Amino acid sequence: MEYSTDLGRRALFALAGVALLLVVGVVLSQFLPTLVFTVFLYYASRPIYRRLGRLPMPDSFLNRAVPYQKQVHAAATIFFFLLPFVVLVGYTLVLIVPELQAFFGEGGLGAAYLSQFQDLQGGSLPGPLTDLGFTDLLAMGPAEVIDLLRNARVQSWLGQISDTLIDSVSMLTALLLRVFIMFAGTYYLLTDGPRLVGWFLDTFDGSGVLREYAAAVDEELSSILFGNILNALVTGVIGIFVFSLYNLVAPGSVQVPFAPLVGALTGIGSLVPVVGMKIVYLPVAALLAVSAVVTGQTAALAWVVLFLTVTLVVVDTIPDFLIRPYVSGDLTHIGLLMFAYILGPIVFGFYGIFLGPILLVLAAQFFRIIVPYIITGSVETTQTSLSDYDSTES
């Protein structure tokens with residue numbers, strides 16, 4: 001009887017825990033894009049954080065800062081690396097949006113936003129205000145101002161302005177809140193993340209299989225998020241500024257069309273296996289060469305050669321040379337990774353370029369480590385790799 005009572009109590013606790021986890025999951029799902037970006041920022045900044053931890057410090061500073069050494073390193077990483085990086089990427093997006101609007105036609109965000117300030121019938125200011133100058137408004141008495149404000153069209157126009165301003169403030173507040181969550185989450189993942197994972201594994205991982213799974217997932221995410229995606233972002237930013245600077249000096253017939261957009265596509269192209277960003281800038285160079293020949297400016301072909309040379313060295317080679325050494329993971333198939341980059345944004349939206357690879361790594365390592373443990377009950381399992389079935393090997 002006592003055993004059944006204890007079992008029932010434990011079952012109630014388990015149900016309460018499941019309900020609690022469901023509530024927490026629902027809350028976190030409202031901030032899923034923010035949490036995904038936080039994970040990316042953590043893996044993007046962790047190598048810098050660890051590098052700072054290995055730098056020698058003066059003894060006078062070190063003696064005072066030992067209890068807060070991790071906090072100092074995390075704050076320095078965010079302030080000197082992450083913050084400029086996010087600002088640079090944000091500024092890059094500001095450059096890309098007008099290019100997207102110009103590429104896809106008229107009626108972009110700016111026109112839609114400004115239209116909220118226009119009268120629905122009159123096309124600009126309400127009729128009662130159209131014929132009034134600034135001095136006329138200043139010369140009006142209180143009674144005239146009250147009569148003007150009672151006009152239905154004026155009230156409708158002011159209501160539209162008020163709604164637009166409120167929406168703008170709300171949007172800015174929500175954006176700042178999410179930025180704060182990203183930086184705060186990155187800070188605590190850097191300082192307390194390993195300790196939290198260690199506590200969880202020591203408490204719930206009696207077999208050791210979760211520890212092996214967590215280590216494999218961490219290695220692959222570090223490779224993919226810090227290496228591949230950070231390389232794509234840096235390459236895109238460099239491409240935008242290089243192509244924009246090229247357009248400032250190049251003749252009109254061989255200028256890169258929609259330079260910021262092409263630069264961003266170059267960064268995305270770096271995620272494609274084998275060919276990489278060449279899938280973008282080689283067709284652009286061919287287009288520029290055709291433009292120079294068709295317009296009869298064959299001398300401008302020298303600018304096309306300059307474009308190819310600068311792009312190959314500054315955009316293609318240098319970022320890859322600097323960042324690629326950090327890409328050390330080789331457990332995730334490159335073809336699956338390419339489909340994760342493609343399908344992620346289609347399924348989840350703009351943040352899917354991060355969430356897709358994360359889900360792929362979690363699933364791939366689950367089948368590589370957890371499934372054999374479920375089947376055999378053994379943690380140390382040897383799996384046959386795909387290369388063992390390669391028909392080219394004798």
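On a predicted model such as this, the values are computed, not experimentally measured, just so you know.

Here is what the cut-offs are and how they apply
- Residues numbered from 1 in each chain as written.
- Predicted model: local features only at pLDDT ≥ 70, side-chain atom pairs only at ≥ 80, totals over all residues.
- Heavy atoms only, no water.
- Helix = DSSP H or I, 4+ residues; strand = E, 2+ residues; numbered from the N terminus.
- Buried < 20%, exposed > 50% of the residue type's maximum accessible area, 1.4 Å probe, protein only.
- Contact = heavy atoms within 4.5 Å.
- Areas by Shrake-Rupley, 256 points an atom, 1.4 Å probe, with all protein chains shown as cover.
- Phe/Tyr/Trp six-rings, centres within 6.5 Å; stacked < 30°, edge-to-face > 60°.
- Axes fitted to C-alpha atoms, helices over the stretch in contact; angles between N-to-C directions.
- Parallel < 35°, antiparallel > 145°, perpendicular 65-115°, else oblique.
- Left-handed = near helix turned anticlockwise from the far one by under 90°.
- Nonpolar A, V, L, I, M, F, W, Y, C, P; charged D, E, K, R; others polar.
- Core = buried A, V, L, I, M, F, W, Y, C linked by side-chain atoms within 4.5 Å.
- Domains from an automatic or database assignment.
- Salt bridge = Lys/Arg side-chain N within 4 Å of Asp/Glu carboxyl O.
- UniProt positions renumbered as here; feature names shortened; annotations may be inferred.

1. Points about the overall build of the protein chain
Part 1 of the reasoning: The secondary structure content of the protein chain amounts to 15 helices and 0 strands.
Part 2 of the reasoning: Among the 394 residues that make up the protein chain, the fraction classed as buried is 30%.
Part 3 of the reasoning: Intrachain contacts of the protein chain at a sequence separation of at least 6 include 73% that bridge at least 24 residues.
Part 4 of the reasoning: Of the roughly 24100 Å² that the protein chain leaves accessible, carbon and sulfur atoms contribute 71%.

2. Looking at the packing of aromatic side chains
Part 1 of the reasoning: For the structure on display, the rule yields 14 aromatic pairs.
Part 2 of the reasoning: Taken together, the aromatic side chains of Phe37, Phe40, Phe348, Phe350, Tyr351 and Phe354 make up a single cluster linked through ring pairs.

3. A few points about the packing of helix H10 (residues 209–249) against helix H15 (residues 352–376)
Part 1 of the reasoning: Across the interface, H10 lies against H15 with an axial gap of 9 Å and an inter-helix angle of 150°. Here H10 is positioned roughly antiparallel relative to H15, judged by the angle of their axes. As H10 packs across H15, the resulting crossing turns out to be right-handed. Together, Val209, Leu210, Glu212, Tyr213, Ala216, Val217, Glu220, Leu221, Ile224, Leu225 and Ile229 of H10 and Ile353, Phe354, Pro357, Ile358, Val361, Leu362, Gln365, Phe366, Arg368, Ile369, Ile370 and Tyr373 of H15 make up the contact between the two elements.
Part 2 of the reasoning: Within the contact of H10 with H15, the residues separate by chemical class into 19 nonpolar, 1 polar and 3 charged.

4. Observations concerning the environment of glutamate 219
Part 1 of the reasoning: With respect to the element layout, glutamate 219 can be found in helix H10.
Part 2 of the reasoning: Judged by relative accessible area, which is 38%, glutamate 219 ranks as partly exposed.
Part 3 of the reasoning: Once the C-alpha coordinates of glutamate 219 and valine 361 are considered, the two residues, 142 residues apart in sequence, prove to be 9.8 Å apart.

5. Remarks on the nonpolar core
Part 1 of the reasoning: Ranked by internal contacts, the top residues of the largest apolar core, which has 38 residues, are Phe40, Leu221, Leu225 and Phe354.
Part 2 of the reasoning: Among the elements of the structure, helix H2 (32–53), helix H4 (69–104), helix H9 (152–204), H10, helix H14 (334–348) and H15 are those that each provide at least two residues to this core.
Part 3 of the reasoning: Of the residues forming this core, the biggest block, 11 residues, is contributed by H10.
Part 4 of the reasoning: Residue contributions to this core reach at least three from each of two domains, namely domain 1 (32–56 + 67–97 + 177–204) and domain 2 (207–378).

6. Looking at the pattern of salt bridges
Pairs can form between side chains of opposite charge whenever their charged atoms are close.
Part 1 of the reasoning: Per the counting criterion, the structure on display carries 4 salt bridges.
Part 2 of the reasoning: Among the ionic pairs, arginine 46 bridges to aspartate 218, the shortest N-O distance being 2.8 Å. Here arginine 46, found in helix H2, pairs with aspartate 218, found in helix H10; they are 172 residues apart in sequence, far enough to count as distant.
Part 3 of the reasoning: Residues aspartate 192 and arginine 195 are paired through a salt bridge, measuring 3.0 Å at the closest nitrogen-oxygen approach. In this pair, aspartate 192 and arginine 195 both sit in helix H9, 3 residues apart, roughly one turn of the helix.
Part 4 of the reasoning: With a relative accessible area of 25%, aspartate 192 lands in the partly exposed category.

7. Structural notes on the environment of glutamine 69
Part 1 of the reasoning: Structurally, glutamine 69 can be placed in helix H4.
Part 2 of the reasoning: Glutamine 69 sits in the partly exposed class, given a relative accessible area of 26%.
Part 3 of the reasoning: Considered as a pair, glutamine 69 and threonine 191 are 122 residues apart in the sequence and their alpha carbons are 9.4 Å apart.

8. Some remarks on the side chain of threonine 38
Part 1 of the reasoning: Along the chain, the position of threonine 38 falls in helix H2.
Part 2 of the reasoning: Residue threonine 38 is classed as buried on the basis of its relative accessible area, which comes to 6%.
Part 3 of the reasoning: Apart from the residues lying within four places of it in its own chain, the contact partners of threonine 38 are Ile181, Met182, Gly185, Thr186 and Leu189.

9. Regarding the UniProt feature "transmembrane region" (unreviewed entry) in the protein chain
Part 1 of the reasoning: Mapped onto the present numbering, the UniProt feature "transmembrane region" (unreviewed entry) falls on residues 12–44, 74–97, 169–190, 225–246, 258–277, 284–314 and 334–362.
Part 2 of the reasoning: Within residues 12–44, the helical portion is 94% and the strand portion 0%, while the C-alpha atoms at the span's ends are 41 Å from each other.
Part 3 of the reasoning: The distance from the first to the last C-alpha atom of residues 169–190 is 32 Å, and the span holds 100% helix and 0% strand.

10. Observations concerning the environment of arginine 50
Part 1 of the reasoning: Relative to the helices and strands, arginine 50 resides in helix H2.
Part 2 of the reasoning: Separated by 20 residues in sequence, arginine 50 and lysine 70 have C-alpha atoms that sit 9.6 Å apart.

11. Focus: the packing of H14 against H15
Part 1 of the reasoning: Their axes nearest at 7 Å, the elements H14 and H15 cross at an angle of 130°. On the basis of their axis angle, the class for H14 and H15 is oblique. Viewed along their axes, H14 and H15 form a crossing whose handedness is right-handed. Residue-level inspection shows Leu336, Leu337, Ala340, Tyr341, Gly344, Pro345 and Phe348 of H14 in contact with H15, the latter providing Gly352, Ile353, Leu355, Gly356, Pro357, Leu359 and Leu360.

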